[in-house]
Amino acid sequence: MRLGVLDIGSNTVHLLVVDAVPDARPDPAADEGSTVRLMRYLDDDGAITEEGVATLGAAVGKAVKAAGRFGVDEVVGIATSAIREAANGPEVLAHLSDLAGVELQVLSGREEAELTFLAARRWHGWAAGRLLLLDIGGGSLEIATGLDERPDYAVSVPLGAGRLTRQFLRSDPPTEHEVREAKSYAKKVLAAVAKDLAKLPAPDHVVATSKTFRSLARLAGQQVAVVGPEERRRMRLADLADWTPRLAKIPAEQRMELPGITPERTYQIVGGAIVAQRAMKSLGIDELEICPWALREGVILRRLDQLAPTA
């Protein structure tokens with residue numbers, strides 16, 4: 001079947017289309033997204049403004065047309081932290097579900113972490129041993145660890161790249177005071193997570209997903225040789241720590257000249273770098289590997305597992 005995942009996130013509305021067969025690797029057929037940067041459309045009460053709802057609606061309409069154009073048999077719709085936490089989230093969700101023609105499921109933070117972890121486990125395989133996963137979104141940071149396909153520990157914390165930018169990094173480029181405040185907040189939020197993870201066995205392999213991590217690894221990481229055509233990178237904390245203060249001194253428009261920094265990420269890449277650096281430091285991670293699969297692939301894999309014939 002041709003399966004589509006409509007992902008309404010904090011930064012983009014994204015449609016991923018795959019040709020899916022149970023017990024086989026999903027074969028990508030199309031990938032189309034619209035940048036919305038939803039954090040810009042939150043009012044002082046935490047509600048999505050009328051302009052934000054209209055922007056979301058236009059992006060969902062575009063994705064629905066794309067699904068029809070690509071001949072999608074089934075669409076699974078998900079919404080993440082921005083809709084989940086918005087004061088008017090239920091009303092906005094109902095409106096977008098009507099536009100999409102499918103019931104959109106709001107994932108909890110833990111569900112986001114678990115599904116992303118499933119994707120990483122399937123990609124890296126059992127030989128990777130105990131995995132530790134980091135995933136930076138626009139509104140939240142997901143962290144999960146475990147030996148199996150379901151993590152032993154999974155958590156979502158309010159450290160998304162867009163959220164941190166909106167809360168602290170209001171200047172362009174941000175001031176030193178704004179950067180210090182953002183770093184202090186990230187350190188405080190991650191303290192409890194670090195304490196929890198210290199009670200668990202150390203990971204054998206640390207991986208990171210999301211476009212924020214991929215952008216940072218293009219900038220501060222090293223490409224590694226792997227089988228297949230997909231580019232893979234590793235990133236060391238020392239290299240990221242060298243780049244983060246340099247990024248913070250460059251205006252957003254000029255950051256796009258750097259490798260890996262795309263127009264839709266340039267305004268929040270400093271926030272993303274601060275979160276990534278602090279997470280690696282707080283959790284004792286010297287180096288991590290970028291995983292090509294993330295939340296949307298996890299949703300597809302879970303749906304395929306549900307469709308698989310039973311014995």
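Structure first, text after, so check above.
This structure is a prediction, so every number in the text was calculated from the model and none was measured. (Residues numbered from 1 in each chain as written. Predicted model: local features only at pLDDT ≥ 70, side-chain atom pairs only at ≥ 80, totals over all residues. Heavy atoms only, no water.)

## Considerations on the overall build of the protein chain
Across its full length, the protein chain carries 11 helices and 12 strands. The C-alpha atoms of the protein chain give a radius of gyration of 19 Å, which matches the 19 Å a tight globule of 311 residues would have. Projecting the C-alpha coordinates of the protein chain onto the three principal axes gives extents of approximately 50 × 50 × 35 Å. Taken over 311 residues, the protein chain has a buried fraction of 55%. The contacts of the protein chain with a sequence gap of at least 6 include a subset with a gap of at least 24, amounting to 67%. Total accessible area computed for the protein chain in this model is approximately 13,900 Å², and 50% of it derives from carbon and sulfur atoms. (Helix = DSSP H or I, 4+ residues; strand = E, 2+ residues; numbered from the N terminus. Rg over C-alpha atoms; globule rule 2.2 N^0.38 Å. Buried < 20%, exposed > 50% of the residue type's maximum accessible area, 1.4 Å probe, protein only. Contact = heavy atoms within 4.5 Å. Areas by Shrake-Rupley, 256 points an atom, 1.4 Å probe, with all protein chains shown as cover.)

## With respect to the pattern of salt bridges
Enumeration according to the criterion identifies 14 salt bridges in this entry. Among the ionic pairs, Arg-296 bridges to Asp-7, the shortest N-O distance being 2.8 Å. On the criterion of sequence distance, the pair formed by Arg-296 in helix 11 (residues 295-307) and Asp-7 in strand 1 (residues 2-8) is long-range, its members being 289 residues apart. Accessibility classification places Arg-296 together with Asp-7 in one group, the buried group. Ionic contacts of the salt-bridge type, sharing partners, join the residues Arg-122, Glu-149 and Asp-305 into one network. (Salt bridge = Lys/Arg side-chain N within 4 Å of Asp/Glu carboxyl O.)

## Regarding the packing of helix 8 (residues 237-248) against helix 10 (residues 269-282)
Taken N-terminus to C-terminus, the directions of helix 8 and helix 10 make an angle of 150 degrees; their axes are 9 Å apart at the nearest point. Relative to helix 10, helix 8 is oriented roughly antiparallel. Between helix 8 and helix 10 lies a crossing of left-handed hand. Between helix 8 and helix 10, the contacting residues are Leu-237, Leu-240, Ala-241, Thr-244, Leu-247 and Ala-248 on the first element and Ile-269, Val-270, Ala-273, Ile-274, Ala-276, Gln-277, Met-280 and Lys-281 on the second. Each residue belonging to the contact of helix 8 with helix 10 can be placed in one class, and the counts come to 11 nonpolar, 2 polar and 1 charged. (Axes fitted to C-alpha atoms, helices over the stretch in contact; angles between N-to-C directions. Parallel < 35°, antiparallel > 145°, perpendicular 65-115°, else oblique. Left-handed = near helix turned anticlockwise from the far one by under 90°. Nonpolar A, V, L, I, M, F, W, Y, C, P; charged D, E, K, R; others polar.)

## Remarks on the environment of Gln-268
Topologically, Gln-268 is positioned in the loop between helix 9 (252-255) and helix 10. With 231 residues separating them in the primary sequence, Gln-268 and Arg-37 have C-alpha atoms 9.5 Å apart. Sequence-distant contacts of Gln-268, that is, excluding residues within four places in its chain, are made with Asn-11, Gly-138, Ala-161, Gly-162 and Thr-165.

## What about the packing of aromatic side chains?
Per the stated rule, a full pass over the model turns up 2 aromatic pairs. On the basis of an interplanar angle of 40 degrees and a centroid distance of 5.2 Å, the ring pair of Phe-168 and Tyr-185 is categorised as tilted. Linking Phe-168 in the loop between helix 5 (161-167) and helix 6 (176-197) with Tyr-185 in helix 6, this pair joins segments that are 17 residues apart in sequence. Assessed through its relative accessible area of 16%, Phe-168 is described here as buried. A relative accessible area of 23% means that Tyr-185 is categorised as partly exposed. The ring of Trp-243 is capped by Arg-246, whose NZ or CZ atom sits 3.9 Å from the centre of that ring. (Phe/Tyr/Trp six-rings, centres within 6.5 Å; stacked < 30°, edge-to-face > 60°. Lys NZ or Arg CZ within 6 Å of the ring centre and 35° of its normal.)

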